[in-house]
Amino acid sequence: MRTLSRLLLFALLAVSMIGGILLSQPPAQATADVVTYSWSYPSLGSHERVCKAVTTHLFTPDRAPVDQSVQPVKVRSQIVDPHYCQSAL
């Protein structure tokens, strides 16, 4: 009975240490532009769908953000050739 309680205590300690290590890691930092291709409308009120490339670019502001878990990004979209969106149908 004593061995079982020691083993249980050791397992509980190990799980809590591993959980603490995993939860203390900072969020992943984006390092490259992400480009997503999708069918969308070119503007409000438009009835024609076009293939758009939406680029998300990480940028570094002059001042550090208050919340370090949030990264500022610039989003840019442009109309591209429809063959980029063929798999998104």
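Cut-offs used in this document
Per chain, the residues get numbers from 1 upward, laid out in the order the sequence is written. Given that the model is predicted, a residue must reach a pLDDT of at least 70 before its local features are reported, and side-chain atom pairs must reach 80 or more before they are shown or counted; all residues, however, enter totals for whole chains, interfaces and linings. The basis for every side-chain value is the complete set of non-hydrogen atoms in the structure, without hydrogens or water. Strands here mean DSSP runs of E at least two residues long; helices mean DSSP runs of H or I at least four residues long; both are numbered from the N terminus. Relative accessibility thresholds used throughout: buried, under 20% of the residue-type maximum; exposed, over 50%; partly exposed, between the two (1.4 Å probe, protein chains only). Here a residue-residue contact requires only that any non-hydrogen atoms of the pair lie within 4.5 Å. We get accessible surface area from the Shrake-Rupley algorithm with a probe of 1.4 Å; when it comes to residues, only the shown protein chains can shield them. Think of it this way: DSSP has to see at least two bridges between two strands before they count as a pair. Fitted lines through C-alpha atoms give the axes, limited to the stretch in contact for helices. The angle between two N-to-C directions lies from 0 to 180 degrees. To count toward a patch, a residue needs a relative accessible area above 30% and no salt bridge. Like charges then connect within 9 Å, nonpolar side chains (Val, Leu, Ile, Met, Phe, Trp, Tyr) within 5 Å. Salt-bridge detection follows one rule: a side-chain nitrogen of Lys or Arg within 4 Å of a carboxyl oxygen of Asp or Glu. Cysteine sulfur atoms that come within 2.5 Å of each other are treated as a disulfide pair.

Draft legend 1. Here's a closer look at the overall build of the protein. The number of helices and strands found in the protein is one helix and three strands. When its helices and strands are written in sequence order, the protein yields α-β-β-β. Taken across its 89 residues, the protein has 8% of its residues classed as buried. Considering only residue pairs separated by 6 or more positions, the protein has 42% of its internal contacts joining residues 24 or more positions apart. Accessible surface computed for the protein: about 7,800 Å², of which carbon and sulfur atoms make up 63%.

Draft legend 2. Looking closely at the side chain of Thr 55. You can see Thr 55 is positioned in strand β2 (residues 50-58). Its relative accessible area of 13% is what places Thr 55 among the buried residues. Look past the residues within four positions of Thr 55 in its chain and what remains in contact with it is Asp 33, Val 34, Val 35, Lys 74, Val 75 and Arg 76.

Draft legend 3. Representation of the sheet that holds strand β3 (residues 73-79) in the model. If you trace the three strands from one edge of the open sheet to the other, you get β1-β2-β3, paired in antiparallel fashion. Looking at strand neighbours, the two that pair on one side only are β1 (34-40) and β3, the edges of this open sheet. Going across the sheet, the axis of each strand differs from the next one's by a mean of 25 degrees, ignoring polarity. The pairing of β2 with β3 spans seven bridges and is antiparallel. Looking across to β3, one finds that Ala 53 is bridged to Gln 78.

Draft legend 4. View of a nonpolar patch on the surface. A cluster of nonpolar side chains, contributed by Leu 9, Leu 13 and Met 17, occupies part of the molecular surface with about 320 Å² of accessible area. When you line up the elements, Leu 9 lands in helix α1 (residues 2-23).

Draft legend 5. Looking closely at the state of the cysteines. Scanning the entire structure with this criterion turns up one disulfide. Here Cys 51 is linked by a disulfide to Cys 85, with a sulfur-sulfur distance of 2.0 Å. Around the S-S axis, the bridge from Cys 51 to Cys 85 shows a dihedral of about 80 degrees and counts as right-handed. Separated by 34 residues along the polypeptide, Cys 51 in strand β2 and Cys 85 in the segment after β3 bring together distant segments of the chain. With a relative accessible area of 1%, Cys 51 lands in the buried category.

Draft legend 6. Examining the environment of Tyr 37 more closely. Secondary-structure assignment places Tyr 37 in strand β1. Among the residues examined, Tyr 37 registers a relative accessible area of 33% and is labelled partly exposed. In this structure, the C-alpha to C-alpha distance between Tyr 37 and Val 54, residues 17 residues apart in sequence, is 6.3 Å.

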